[in-house]
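Observations on the model geometry
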Amino acid sequence: PFWLGEAPARSNELSAAVAELRADVEERLEDREDVTAWIADVLSPQVGPSVAMLPRDEELSASSAQAAAHQLIEYLSESKRLLGTLPTQNTIVAERFFDEAGGMQLVIHSPFGSRVNRAWGLALRKRFCRQFNFELQAAATEDALLLSLGPQHSFPLDTVFKFLHPDTVEGILVQALLDAPMFGTHWRWNATIALAIARSRNGRKTPPQIQRMQSEDLLAAAFPHAVACLENIPGDREVPDHPLVRQTIDDCVHEVMDLELLTTLLRKIHTGEIQYVARDLPEPSPLTHEILNARPYAFLDDAPAEERRTQAVYTRRAFEPSSADDLGALDPAAIERVRDEAWPDVRDADELHDALLTSGFLTEVEGISGRDGVSWSGYWHELADAGRATRVSLSDGQVLWVATERVEEIRSLGPDALRELLRGRLGIVGPATAASLAASLAIPESEADIALAALEGEGVVLRGQFSPRNGGPAVLEWCDRRLLARIHRYTLNRLRSEIEPVSAADFMRFLFAWQRVDPDQNAAGLEGLATVIAQLDGLELPAAAWEADVLSSRVSEYDPMLLDSLCMMGRVAWGRAAGQRGSGTAGPIRSTPIALFLRENAAEWLAGRNSDEYSLSSYAERAREVLEQRGASFFHELTAISGLLPTQVEQALGELASLGLVTSDSFAGLRALITPSSKRKPLSGAKRRYRTAPVGIETAGRWSLLGGKSVGRNGGSENRMGTESEAGEPSYRPTALPPELYAKTLLRRYGVVFKRVLARETGAPPWRELLMVYRRLEARGEIRGGRFVSGMSGEQFALSEAVGQLRAIRRLEGGGRLISVSAADPLNLTGIITPGERVTGITRNRVLFRDGVPVLALEAGEIKPISSEEPPTPEMIQALLRKTLSPALRARLAMAGVSPASVSMERRPGRRRARVKTSETNPVSS
């Protein structure tokens, strides 16, 4: 058990002496040499043996006293500089600071001994549990008590001193100690002394573990609520009038803890006899190092030392000359950088509309002048003409730009609306005063204070003195919690200088390595393929592109049997995650968008499917009825039960698969549907060069429904098959998808996420919804927020491991590396991340990158330069057209009607040549 035992706490007299020493040192800190000499004189008689010392011993003793005095003065003087005063029994200090996980640690410096601090900590922990419905980790030592706060706990720091009232603290403390290990320890002690538990039986000593069980049984009989399930006990647990229970509680309250002194302390705090100071710091003061590193004897909860939230606190060496002067205040540069990051970076009308939706409003002055002097008036008029935004005039003559969706909030300015508007405003302005926020909406400051207090109760904002004062009076400011956490992190380790934004070309090089497209980073084997599919979880791509282009470029020696194995093992499934509306009689074509997704996430991906009705042919309706009645069935079972011919069942399955209504146990089912029937089985006696395997639809395993609702034959619905749009994306997007799943999937897929990476993501939730998820993950410390890729607008977020790899890629020279990808590949971000025009995302098109910069594209059978006017070399053309395919995949593609020669696009007599478009008058044939 973590409760290692009890030891006598520091006496009240010794605690008073410690506080008195602090006060005496504080009075003399103006003269360091004088106070050091005074401390050395105090320590000298206590150093060395009690017998007469030799002169050499006296010299060593004086030297030791001098060194100890120097350390003590440095320790206390640095603490005073950070806290403003030293905690004594007349002045109590509370400090609060962020940890590396995004939470906060609250330390109350109370030099009254561990008996008082243990009681105060337990009672405060119970009070926080009742008020915020969240159990806290807590600890108490002789000089301080600590509470590890979470993102839910937002309150003015000085109010913590009055969370407990002297008249009610006893009842709260009794309820708190019932769950503390001290209660069980003293219960066993009292029960043993009272002979309620036999120490020996039949002349043999009762084992300790048996005594422990017997004491728990006795407690259940005398005090049932002490061991009962708290879910079945409304309110406080009623303490029975039992002598053993009364004695145990009395021992805990008056021996292990000191309730009388705690009550006196709280009463003096409420009457003002004891002063209290509250400080929000970017880093813990030296006085907190003891309790942050306290051992299990100081814990007030049962979390082990390895799982304490205090492990996430970064404690710098307190006396570093290069950094000590930076600890007391937030870095002004960090504040300005976070303000710049949070402020909208508008590049078109759509981004301005998103900024208005997120922030609630922008003043016309801000929109015309812009933070960088770039006016957004043109984008604004475009939105106004389209009816997507409007101007709202306030009573003081100020004009606001407001999105049409939020006009009613501005006009009503009710309590709820005002709270939401200030929530959005604080998300883009950083630290701000209540007066400035009220002025932006022309409302009284008192109304802004009420709304800000409500946001503080939700844990969204924090109050404090954040901006530098420059000699002026301190001003109370409010700041979004996540922005303040980022400011603190930037103040500590200067993330901006450590992680310089990389160029778009370096980011593409990073993506090639992150997604295993770089040949040096290719995955291998079954688990390698599973890792690749986990990155592409839920992504819809043309059916023919998955194996021929996407998976084969990421997995070395890719074998289609690996994908079939993952499907048969129940780890991966395929289907149209978005579904499709309308009717259709044709099976899935090669360009039909199909998704591979992990079965563990299948429920979430399919939750966003379209709920409209489907119009099915008679064959498809019959096959669907059989699957609904019998569940998953093999192909021959469907043929036998439905009464249809095999070709009719095959046609029905193709139609259902194209609508996103069915899937099969293996990828062979889709492979068979997109393969011409004449090519599925090799002709008997045919001479085959490559290793082959049957691709008939009978080998697909069982077929099952993915969901959806049909209306029978000729339902009258419009036919909207899943063909690719001009941009290479499905024309239909689902109605809803869980933002949490999609946000984490995008992080796995790209490593670094910002708004522009959603351009090729079909069915993605709006960026403003993903933004809320990423901000929560950043506040928890799970991801990093900042500016990682230059030239990209809006906030950016990254996985910690991705930041390190991105930094390594930046330092690594490219060396002219050529990498070719299919235009249907998700890494075809030409015109989105990199300069140049977009390349239509269909399977037959290709893009060539050199050191992350797109240089050539094969589009509509024509090879053309993208970002440079230099003529393509034969080496570049060969790299663009070449695909690296394993023998097993070549055999599969050959059976699907695509010869290995055409796959690699080698020249053959009679084949159509790709034309190379150059700046010269006559095109050059390749």
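Look above for the structure.
Residues numbered from 1 in each chain as written. Predicted model: local features only at pLDDT ≥ 70, side-chain atom pairs only at ≥ 80, totals over all residues. Heavy atoms only, no water.

With 13 residues, helix α6 (residues 181-193) ought to run about 18 Å at 1.5 Å a step, and its terminal C-alpha atoms sit 19 Å apart, in line with that. Of the residues making up α6, those classed as buried are Met182, Phe183, His186, Trp187, Asn190, Ala191 and Thr192. Against α4 (114-132), α5 (169-177), α7 (208-222), α8 (224-227) and α9 (243-256) lie the buried residues of α6. Just past α6, the residue Leu195 takes up positive phi, approximately 60°. (Helix = DSSP H or I, 4+ residues; strand = E, 2+ residues; numbered from the N terminus. Expected span 1.5 Å × (residues − 1). Buried < 20%, exposed > 50% of the residue type's maximum accessible area, 1.4 Å probe, protein only. Contact = heavy atoms within 4.5 Å.)

The tally for this structure, following the rule as stated, stands at 11 aromatic pairs. Residues Phe128 and Phe163 carry aromatic rings whose centres are separated by 5.3 Å and whose planes lie at 50° to one another, so their mutual orientation is tilted. On the criterion of sequence distance, the pair formed by Phe128 in helix α4 and Phe163 in the loop between β4 (144-149) and α5 is long-range, its members being 35 residues apart. By relative accessible area, which is 0% here, Phe128 ends up buried. What makes Phe163 buried here is its relative accessible area of 14%. Ring pairing ties together the aromatic residues Phe507, Phe510, Trp514 and Phe754, which thus form one cluster. (Phe/Tyr/Trp six-rings, centres within 6.5 Å; stacked < 30°, edge-to-face > 60°.)

Before going further, it helps to examine the pairing of strand β27 (residues 846-850). Extensive coverage of β27 is indicated by the burial of four of its five residues. Here strand β26 (residues 818-822) runs beside β27; their pairing, made up of five bridges, is antiparallel. Note on β27: the bridge partner recorded for Ile819 is Phe849. Strand direction decides the pairing type here: β27 and strand β28 (residues 853-859), joined by five bridges, are antiparallel. Pairing of Arg850 across the sheet is with Val853, part of β28. Hairpin connection from β27 to β28: two residues lie between these consecutive antiparallel strands, with Asp851 at a positive phi of about 55°. (Pairing = 2+ DSSP bridges.)

Now for the side chain of Asp251. Tracing the backbone through its elements, the reader meets Asp251 in helix α9. Buried within the structure, Asp251 lacks any salt-bridge partner; its nearest side chain of opposite charge belongs to Arg115, at an N-O separation of 10 Å. With near-sequence residues (within four places) excluded, Asp251 lies in contact with His186, Asn190 and Val256. (Lys, Arg positive; Asp, Glu negative; His and termini not counted. Salt bridge = Lys/Arg side-chain N within 4 Å of Asp/Glu carboxyl O.)

Spatially, the three strands line up as an open sheet ordered β23-β25-β24, and their pairing is antiparallel. One side of each edge strand has no neighbouring strand; the edge strands of this open sheet are β23 (752-753) and β24 (784-786). Strand direction decides the pairing type here: β23 and strand β25 (residues 796-798), joined by two bridges, are antiparallel. Along β25, the bridge assignment pairs Val752 with Ala798.

Another point: the environment of Thr699. Locating Thr699 in the fold gives a position in the loop between α30 (668-673) and β21 (703-705). We classify Thr699 as partly exposed; its relative accessible area is 36%. Thr699 sits 65 residues away from Phe634 along the chain, and the two C-alpha atoms are 9.1 Å apart.

This brings us to the pattern of salt bridges. Pairing between side chains of opposite charge can happen when the charged atoms of each approach one another. For the structure shown, the criterion picks out 44 salt bridges. Close ionic contact of Arg486 with Glu778 constitutes a salt bridge, the shortest N to O distance being 2.9 Å. Of this pair, Arg486 sits in helix α20 (residues 481-493) while Glu778 sits in helix α32 (residues 767-779), placing them 292 residues apart in sequence. Of the charged contacts in the structure, one is a salt bridge between Glu637 and Arg630, with a shortest N-O distance of 3.8 Å.

This paragraph deals with the environment of Pro872. Along the polypeptide, Pro872 turns up in the loop between β29 (862-865) and α34 (874-881). Its relative accessible area of 14% is what places Pro872 among the buried residues. Each C-alpha atom, one on Pro872 and one on Leu856, is 7.6 Å from the other, the two residues being 16 residues apart in sequence.

Remember that the coordinates give geometry; whether it matters functionally is a separate question.
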